[in-house]
Amino acid sequence: NDIMRIFDMKNIPKECYTLYSEVLEDFTLNKKYDFVIAEQFLPHISNWKECIEIIKNYTVKNGIAIITCADTIGQYVERTKRLVGQYIVKDIDNFNEKVDMLTTLFKPQLSKIKGMNRTYEEWVQEEILNDAFLCAHPMNINDAIEAFGNEFDILGASQNIFTDYSWYKNLDYDYISAYKKQYNQKKHMFLLAGVSEETIRTEKENAALEEAVICANECAEKFETTKELDILSYKKAIEKVTKYSDNQTISQFNEETIEILKAAEKSLPNMEKFNVWSSCFGKTSQYISFVRKENV
């Protein structure tokens, strides 16, 4: 109904589209498409592999499938801000009161995002208060590459971290393996938005960073169910993120996170004091596109 309302508002003729009010798993149609786009839902469902098979099935030869991935490292900053927001309003029961307080609280940092296409209230509702943000079944770029398999070639990605070193005479170049290796060496680049100078780390270094992020996120998620937070234990968890990220900005962000949580124990923190914290954002999700091979 919301989609139809938007289309009507945009004067899009009804004969230009068909809406099916059913979940993908129940959708059956004897038809294939030039483009299949699955945006911002696959990492939230446990059966994302099953859904990718359905997406593949509906893509014609030489057709393009575009999906959104969620990276654990890329979600760290927003996941931390979610914890802070929820901790601050933990004693408030009314949803609208929570939204009003957090909108006021986060307004200084949200005003720094250029091209933001959501209201501050919508950002608070979706990022801080909506359980769906948690991405219970993270599906990263490598997961997607494996799921699409040999039937599809990789077309591109955004953020694009891939460089193709193949040569036209190098017929045995395995670019899929090369891309997966590049992901493992570059996924730390998703930690902070605004960082464009590429650096390469070892796969072992990034695996340690990812493990530290997972531990910190688990502490944050535990608070959402228990409403209890041991700030000292959480501090130790995010100090490991500081250690394995080897990033001065993240180090400062983590220090300010603990300062904010401690301040929130007594009163509403003045967020304008925490300049680094307010200016940090993560690259939470990535698009990746695949083209179906003609000979498969």
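Residues numbered from 1 in each chain as written. Predicted model: local features only at pLDDT ≥ 70, side-chain atom pairs only at ≥ 80, totals over all residues. Heavy atoms only, no water.

**Student:** Whenever I open this one, the overall build of the chain confuses me. Can you help?
**Tutor:** Scanning the chain from N- to C-terminus turns up eleven helices and four strands. Computed over the C-alpha atoms, the radius of gyration of the chain is 21 Å, within 12% of the 19 Å expected from 2.2 N^0.38 for a compact globule of 296 residues. For the C-alpha atoms alone, the extent of the chain along its principal axes is close to 65 × 50 × 35 Å. Across the 296 residues in the chain, those meeting the buried criterion constitute 43%. Here the analysis covers contacts within the chain between residues at least 6 apart in sequence; of these, 72% occur between residues at least 24 apart. Accessible area of the chain: about 16800 Å², with a carbon and sulfur share of 48%. (Helix = DSSP H or I, 4+ residues; strand = E, 2+ residues; numbered from the N terminus. Rg over C-alpha atoms; globule rule 2.2 N^0.38 Å. Buried < 20%, exposed > 50% of the residue type's maximum accessible area, 1.4 Å probe, protein only. Contact = heavy atoms within 4.5 Å. Areas by Shrake-Rupley, 256 points an atom, 1.4 Å probe, with all protein chains shown as cover.)

**Student:** So what exactly am I meant to see when it comes to unusual backbone geometry here?
**Tutor:** Generally, phi is negative for residues other than glycine and the peptide bonds are trans, each holding for most cases. Of note, the bond from serine 158 into glutamine 159 is cis; its omega dihedral lies within 30 degrees of zero at 10 degrees. Its location among the elements puts glutamine 159 in the loop between β3 (152-158) and α7 (175-186). The backbone of lysine 227 shows a phi angle near 60 degrees, a positive value even though the residue is not glycine. At aspartate 246, a position not held by glycine, the phi torsion is positive, near 50 degrees. One can find aspartate 246 in the loop between α9 (231-245) and α10 (248-264).

**Student:** What's the story with α10 in this structure? I'm lost.
**Tutor:** Because each turn of an α-helix spans 3.6 residues, side chains separated by three or four positions in sequence point in the same direction. Taking 1.5 Å as the rise per residue, α10 with 17 residues should run 24 Å; its terminal C-alpha atoms sit 24 Å apart, in good agreement. Of the positions making up α10, those classed as buried are Ile250, Ser251, Phe253, Asn254, Glu256, Thr257, Ile258, Ile260, Leu261 and Ala264. The backbone nitrogen of threonine 249 has a side-chain oxygen 2.9 Å away, supplied by the residue at the start of α10, namely asparagine 247. (Expected span 1.5 Å × (residues − 1). Polar contact = N/O pair within 3.5 Å; in protein donor to acceptor, adjacent residues only side chain to side chain.)

**Student:** Teacher, can you tell me more about the state of the cysteines here?
**Tutor:** Put plainly, two cysteines are in a disulfide when a covalent bond ties their sulfur atoms together. This model, assessed by the stated rule, comprises zero disulfides. With no disulfide of its own, cysteine 219 has cysteine 215 as its nearest cysteine by sulfur position, at a separation of 7.3 Å. The exposure class assigned to cysteine 219 is partly exposed, which follows from its relative accessible area of 28%. (Disulfide = S-S within 2.5 Å.)

**Student:** What should I look at first to understand the layout of surface pockets in this one?
**Tutor:** The method is simple in principle: a probe with the dimensions of a water molecule rolls over the atoms, and the space it marks as empty is what remains. The calculated volume of the largest pocket comes to roughly 1000 Å³. Taken together, the elements giving at least two residues each to the lining of the largest pocket come down to α5 (120-129) and β4 (285-292). Among the residues making up the lining of the largest pocket, the classes are represented as ten nonpolar, twelve polar and seven charged. Estimates place the volume of the second largest pocket at around 640 Å³. Along the wall of the second largest pocket there are 16 residues; nearest its centre are Leu24, Phe27, Tyr33, Val36 and Ile37. (1 Å grid on protein atoms, 1.4 Å probe; cavity = no way out; pocket = protein on both sides within 12 Å on 5 of 7 lines; lining within 4 Å. Points joined across faces, edges and corners; volume = space filled by probe spheres on them. Nonpolar A, V, L, I, M, F, W, Y, C, P; charged D, E, K, R; others polar.)

**Student:** Explain a nonpolar patch on the surface here, please?
**Tutor:** Taken together, the side chains of Ile3, Met4 and Leu19 make up a nonpolar region of the molecular surface, amounting to roughly 250 Å² of accessible area. Mapped onto the elements, leucine 19 comes out in the loop between α1 (2-9) and β1 (33-38). For leucine 19, a relative accessible area of 42% gives the class partly exposed. (Patch = residues over 30% accessible without salt bridge, like charges linked within 9 Å, V, L, I, M, F, W, Y side chains within 5 Å. Salt bridge = Lys/Arg side-chain N within 4 Å of Asp/Glu carboxyl O.)

**Student:** Can you help me understand the environment of aspartate 93 in this one?
**Tutor:** Checked against the element boundaries, aspartate 93 lands in the loop between α3 (76-88) and α4 (95-110). Residues aspartate 93 and lysine 222, spaced 129 residues apart in sequence, show a C-alpha to C-alpha distance of 19 Å.

**Student:** Help me understand the pattern of salt bridges in this model?
**Tutor:** Two side chains with opposite charge may pair up if their charged atoms get near one another. Under the criterion given, the structure shown has 16 salt bridges. Put simply, lysine 293 and aspartate 153 hold a salt bridge, and the shortest N to O gap is 3.9 Å. Taken together, the residues span a long stretch of sequence, with lysine 293 in the segment after β4 and aspartate 153 in strand β3 at a distance of 140 residues. Since its relative accessible area comes to 27%, aspartate 153 is described here as partly exposed. Through salt bridges that share partners, Arg79, Arg82, Asp131, Glu221 and Glu224 make up one connected network.

**Student:** Explanation requested: the packing of helix α2 (residues 48-57) against helix α6 (residues 141-148) in the structure shown.
**Tutor:** At a closest axis distance of 10 Å, the pairing of α2 and α6 adopts a crossing angle of 50 degrees. Our classification of the angle between α2 and α6 gives oblique. Judged by the twist between their axes, the crossing of α2 over α6 is right-handed. Contact with α2, carried on its side by Trp48, Ile52, Glu53, Ile55 and Lys56, involves Asp143, Ala147 and Phe148 of α6 and no other residues of that element. Residue composition of the contact of α2 with α6, by class: five nonpolar, no polar and three charged. (Axes fitted to C-alpha atoms, helices over the stretch in contact; angles between N-to-C directions. Parallel < 35°, antiparallel > 145°, perpendicular 65-115°, else oblique. Left-handed = near helix turned anticlockwise from the far one by under 90°.)

On their own, these measurements won't tell you what the molecule is for.
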